[in-house]
Each structure stands twice: as structure tokens, then as C-alpha cells.
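Secondary and tertiary structure notes
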Amino acid sequence: MTRRPAALTAVALAAGLAAAACSSAACSFSEAGADSSPATTTAPPIADTAPPPVSVEVVADGLDHPWDVAKAPDGTILFTERAGSFTAVRPGAEPTPMSADLSDLVASSETGLMALALSPGFEQDRTAYTCQGIESGGGRSVGVVAWTVAPDWSGLTRERTVIDGFPVSTGRHGGCRILPADDGTLLIGTGDAAQPSVSQDRNSLGGKVLRVDAATGAPAADNPDPASPVFTLGHRNVQGLAEQPGTGRVYSVEQGSSRDDKVNLLTPGGNYGWSPDRSGSGYDESVPMTDPDRVPGALGAVWSSGPSTVATASGTFLTGSGWGAWDGALAVGVQKGQQVLLLRLSDDGTTVTEQTILPELSEFGRIRTVSAQPDGTLLVTTDNGDTDSVLVVAPQT
């Protein structure tokens with residue numbers, strides 16, 4: 001394990017903020033041509049108050065696309081690698097590979113062993129959930145699998161497929177993020193598989209946020225349509241889901257095409273306006289990320305990256321007094337922009353009032369997952385290739 005010293009780099013801060021600019025209520029979406037989304041002109045201001053300096057501990061390195069990471073109540077860190085592996089890092093110990101039946105894993109392009117989440121009752125039931133590519137019956141899809149984790153962290157036993165049938169083609173836009181809830185449901189963010197009609201097709205599970213019973217995979221009883229797992233639709237490639245502490249609000253983090261990565265405040269039954277089927281003959285990524293003209297009633301984003309994509313890949317809410325004025329901010333992992341972006345939300349949660357970055361993380365390249373922990377730390381995975389790391393980030397006060 002390696003510790004990196006805290007540092008505050010003004011140059012990195014300024015460069016990062018220039019790359020990730022705006023909220024939907026305060027951002028210029030416009031660009032030349034008829035495809036412009038509704039435009040406003042003012043980006044969220046750069047924060048007057050800097051976040052605290054942070055320390056960075058490398059708990060595992062030399063990895064190949066670690067996708068997601070979770071921390072168990074006993075302090076063990078568990079993470080996935082996209083090509084197909086689980087690793088545990090017990091307190092004070094070195095990373096240890098875990099056995100698991102991944103014989104039907106589809107790992108292609110952006111799809112593989114992706115999201116990982118622990119049950120809210122993990123201390124009792126030792127249940128973990130993954131979202132992954134699955135080969136079944138001669139066909140391929142993306143789905144959610146439930147596992148039981150061995151008490152000694154030696155392996156995972158596959159229990160059941162909770163839900164599958166999320167579309168997959170080349171592996172592009174496979175999603176996927178899982179957010180377990182205390183009511184026994186799972187929220188699942190999916191990608192559109194780069195297929196033109198999927199996001200607006202209510203009979204498809206792609207380009208959606210789904211809500212299902214974690215035990216059975218059935219649609220949650222109080223879904224907008226009780227017979228359907230679809231909670232929201234009109235998404236391109238949902239990469240993050242985060243519940244805001246104290247409010248119950250749930251936000252999705254979504255990757256844009258050549259512009260307009262988005263943070264959305266989810267409304268049950270809401271349509272977020274991605275509809276890349278305009279040409280009628282293929283996947284048309286020149287359409288707006290939110291297209292109220294072609295998708296009447298489409299809901300705008302809380303925040304957007306604006307004219308250039310930065311590749312937002314995850315989201316989590318910081319917790320703990322160690323974060324000072326940034327306690328409660330939404331932290332967003334950024335791949336192309338190579339940073340952790342912090343967004344301060346308005347009281348009603350519908351706009352971003354300030355933004356900044358954690359400059360110490362900029363030296364680690366592409367950031368995949370950020371996951372806030374009850375002790376105030378932030379777990380982070382990088383996404384550079386075969387030289388990746390799992391990090392523990394702690395505010396220094």
C-alpha cells in the first residue's frame with residue numbers, strides 16, 4: 001500500500017473546471033445548427049471555498065480496468081475488474097483474488113464485469129450484486145447477478161440472476177450501475193447498447209433506470225407501471241446512481257455523445273430525452289442529449305458538461321465534517337477529463353450552484369468509480385488500462 005501526500009494545485013483546479021462547465025439551468029447548450037438543445041448562458045461559478053486537501057492511499061495497483069469498489073462493515077474492500085475478476089483487500093492485508101463462477105461472462109469493449117454493490121443487510125446476509133455481460137442460451141445480454149460472499153473472503157457463490165435481458169451488441173454502452181435501497185429494491189442504470197430505438201422503447205430494458213425487487217427481480221410494486229421494471233427512460237448510458245443523504249433524491253450520472261454529459265434528478269416515470277433514431281437508418285449521435293422537440297416533456301439535466309464531453313463515469317455524495325464546506329456535495333468520477341468533480345447542489349436539488357475538483361486526483365488519469373464511505377473517506381478506481389489502481393482518499397483537516 002502506498003500513501004501519496006496531500007497537495008493543492010491551482011493550475012490543475014483551473015484546468016479541470018474549464019473542462020467541466022455547467023448546469024442545465026445555468027449552462028450554454030447551444031451550438032450552430034438546428035440540433036441545439038435549449039440554451040442558457042451562465043455556468044456554475046468556480047467555488048470561493050476550496051475543498052480540503054486530501055491524502056491518497058493506493059490499496060491495489062497494476063490492475064486492468066477495475067470497474068467498481070465497495071467496502072464491507074468489517075473494513076474489507078472488494079472490487080471488480082472488467083475482464084472478469086473479484087479481489088478482496090482485508091484490513092492490514094494485501095489484495096487477494098477471490099474465486100467465482102464467471103464462466104458465462106461476456107467481456108467485450110465497454111461491457112464485462114461492471115457494477116458491484118453490497119446488500120444493505122450485508123453483515124447478516126453477505127449478499128453482493130454485480131451487473132455484467134451474460135452469455136445464455138446462445139444469446140448475449142447484460143444482467144444483474146446475486147452472490148453470497150464467503151465469510152473468509154475466499155470467494156463468491158453465485159446464487160441467482162436477478163434480472164437480465166439488457167441489450168448488448170458490440171459491448172458499447174453496456175451501462176451499468178446498481179443502487180440497493182433499504183426497502184429491498186434495486187435501482188439499475190443501463191445503457192442503450194448504441195441501438196437507435198432502445199432508449200425510448202418502453203419494452204426494452206436498455207437506456208433506462210430500472211427498479212426491481214432484489215429478491216425476485218420482479219418490478220417494484222410501486223413503480224410508475226407496476227407491471228414494468230422501468231423507473232425512468234430516455235437515457236444514453238447511465239454510469240452512476242447516487243442517493244442524496246437526508247432527502248431521498250436519486251441522481252443519475254450519464255455519459256453524453258460529443259457533448260453534454262449529464263447529472264439528472266430522477267423523477268418516477270421521467271423521460272430524459274435521448275432519442276438517436278432521427279435519421280431512421282441508424283444510431284444518430286448528432287441529436288441533443290435532451291430533445292424536448294422530438295421527446296415532448298423531456299426532463300432537463302441538473303448539470304451538463306456543455307459543448308464538450310468529459311466522460312462522467314460515476315457519482316456519490318460526500319459525507320462527513322472532514323469535507324468542510326463540501327460535506328454533502330456530489331462527487332463525480334471523470335474519465336476523459338481525468339478528475340474528480342465536486343458539485344454543490346441547490347437546496348431544492350435542481351441546479352448546481354458551485355463546482356470544483358479534487359486536484360490531487362488529477363495525477364491518476366482517468367477516474368471510473370467514486371464511492372463515499374460512512375467514515376468520510378472516498379474509494380476510487382482508475383480506468384487507464386493495465387496500470388490501474390484502487391485508492392482510498394481521505395480529507396485532511
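For the structure, see preceding data.
Residues numbered from 1 in each chain as written. Predicted model: local features only at pLDDT ≥ 70, side-chain atom pairs only at ≥ 80, totals over all residues. Heavy atoms only, no water.

Time to look at the state of the cysteines. Inspection of every chain in the model, using the stated rule, returns one disulfide. The disulfide bridge from Cys131 ends at Cys176, spanning 2.0 Å between sulfur atoms. What sets the handedness of the Cys131 and Cys176 disulfide is the S-S torsion sign, and at about 90° it is right-handed. Placement of Cys131 in strand 9 (residues 127–136) and of Cys176 in the loop between strand 11 (156–166) and strand 12 (177–180) is noted, with a sequence separation of 45 residues between them. Taken as a pair, Cys131 and Cys176 share a single burial class, namely buried. (Disulfide = S-S within 2.5 Å. Helix = DSSP H or I, 4+ residues; strand = E, 2+ residues; numbered from the N terminus. Buried < 20%, exposed > 50% of the residue type's maximum accessible area, 1.4 Å probe, protein only.)

Looking now at the sheet that holds strand 17 (residues 250–254). Spatially, the four strands line up as an open sheet ordered 16-17-18-19, and their pairing is antiparallel. The sheet is open, and its two borders are formed by strand 16 (238–243) and strand 19 (303–304), each paired with just one other strand. Pairing of strand 16 with strand 17, which is carried by five bridges, proceeds in the antiparallel orientation. The residue bridging Glu243 from the neighbouring strand is Val250, located in strand 17. (Pairing = 2+ DSSP bridges.)

A word on the packing of aromatic side chains. For the coordinates displayed, the defined rule picks out four aromatic pairs. Here Phe86 and Trp147 contribute two aromatic rings whose centre-to-centre distance is 5.4 Å and whose plane-to-plane angle is 70°, an arrangement assigned as edge-to-face. Taken as a pair, Phe86 in strand 5 (residues 85–89) and Trp147 in strand 10 (residues 139–149) lie far apart in primary sequence, 61 residues in all. A cation over a ring is seen here: Arg126 above Trp153, with NZ or CZ 4.9 Å from the ring centre. Sitting over the ring of Trp326, Arg344 keeps its end group 4.1 Å from the ring centre. (Phe/Tyr/Trp six-rings, centres within 6.5 Å; stacked < 30°, edge-to-face > 60°. Lys NZ or Arg CZ within 6 Å of the ring centre and 35° of its normal.)

Tallied over the full model, the rule gives 15 salt bridges. With a closest N to O distance of 3.1 Å, Arg140 and Glu135 form a salt bridge. Using a relative accessible area of 48% as the deciding quantity, one classes Arg140 as partly exposed. Note that Asp284 and Arg278 form a salt bridge whose closest N and O atoms lie 3.3 Å from each other. For Asp284, a relative accessible area of 15% gives the class buried. (Salt bridge = Lys/Arg side-chain N within 4 Å of Asp/Glu carboxyl O.)

Attention now moves to the sheet that holds strand 15 (residues 230–233). Adjacent strands of a sheet pair through backbone hydrogen bonds, lying either parallel or antiparallel. If you walk across this open sheet you meet the four strands as 12-13-14-15, and the pairing is antiparallel. Edge positions in the sheet fall to strand 12 and strand 15, since each has one partner strand and no second. The mean angle between the axes of side-by-side strands here comes to 15°, regardless of whether they run parallel or antiparallel. Across three bridges, strand 14 (residues 208–213) lies against strand 15 in antiparallel orientation. Counted as the bridge partner of Val209 is Thr232 from strand 15. (Axes fitted to C-alpha atoms, helices over the stretch in contact; angles between N-to-C directions.)

A regular strand places its side chains so that they alternate between the two faces of the sheet. Covered by surrounding structure in strand 12 are Arg177 and Leu179 together with Ile178 and Pro180, the residues of both alternating faces. Pairing of strand 12 with strand 13 (residues 185–189), which is carried by four bridges, proceeds in the antiparallel orientation. From the neighbouring strand, Pro180 faces strand 13, where its bridge partner is Leu186. In textbook terms, the turn of a hairpin is the stretch between consecutive antiparallel strands, and for strand 12 and strand 13 this stretch comprises four residues, one of which, Gly184, has a positive phi near 85°.

Note that Ser389 resides in strand 26 (residues 388–395). Contacts of Ser389, omitting those with residues within four sequence positions, involve Val58, Ala60, Asp61, Leu63, Pro66, Val380, Thr381 and Thr382. (Contact = heavy atoms within 4.5 Å.)

Function cannot be read off these values alone, since they describe shape.
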